[in-house]
Amino acid sequence: MPTDQPPIPHEALPPGWGPAEVRNDHVAYRHRQPQIELVAERTEANQSHPALGLCRCWELRYRHPIGELSITKSIGHVSTRRAAFEGLLESMNRIHEFVDDLHNPLEVRTALESVSLDSVVPDGAARPQ
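The shown structure was predicted, so the numbers you read here are calculated from the model rather than taken from an experiment.

Notes on the pattern of salt bridges
Scanning the entire structure with this criterion turns up 8 salt bridges. When the shortest N-O distance is used, the salt bridge between Glu41 and Arg61 registers 3.0 Å. Remark: Arg61 occurs in strand 4 (residues 56–66) and Glu41 occurs in strand 3 (residues 37–44); sequence separation between them is 20 residues. A residue is classified by how much of its surface remains accessible, and Glu41, at 25% relative accessible area, is partly exposed. With relative accessibility at 13%, the residue Arg61 sits in the buried group.

Take a look at the structure:
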């Protein structure tokens, strides 16, 4: 995929969101005000269930400013690049639909906790059935 073309079409993005950085192993979208950032980054699958045999996966995170500081929290892990893009778009839509005050980190966190990720990577704590 060319790095000058964002993986999520502009017309699919909720108001206020746009691409911040697009590379092969790292994609970031940012809300203009406040600058909430959603990131999908390819990473080691150290925490995945060993039976899956995954060595790489995509971690979705968000960064939210709190005064002069910024917090970064994980949203989850998915197994494919496509699932990462879908997870980013779902996260943007959740924030747009359910957060009244974008400056409130608790509202943002609550909205992101309800994001449903496709192709979720089970963690190593899960017990096989």
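Topic: the pairing of strand 3
Across 5 bridges, strand 2 (residues 26–31) lies against strand 3 in antiparallel orientation. Considered in strand 3, the bridge of His26 is made with Glu41. Following strand 2, the chain reverses through 5 residues before pairing antiparallel with strand 3. Here strand 3 pairs with strand 4 via 8 bridges, running antiparallel. Bridging across to strand 4, Glu41 finds its partner in Glu59.

The rules we used
- Residues numbered from 1 in each chain as written.
- Predicted model: local features only at pLDDT ≥ 70, side-chain atom pairs only at ≥ 80, totals over all residues.
- Heavy atoms only, no water.
- Salt bridge = Lys/Arg side-chain N within 4 Å of Asp/Glu carboxyl O.
- Helix = DSSP H or I, 4+ residues; strand = E, 2+ residues; numbered from the N terminus.
- Buried < 20%, exposed > 50% of the residue type's maximum accessible area, 1.4 Å probe, protein only.
- Pairing = 2+ DSSP bridges.

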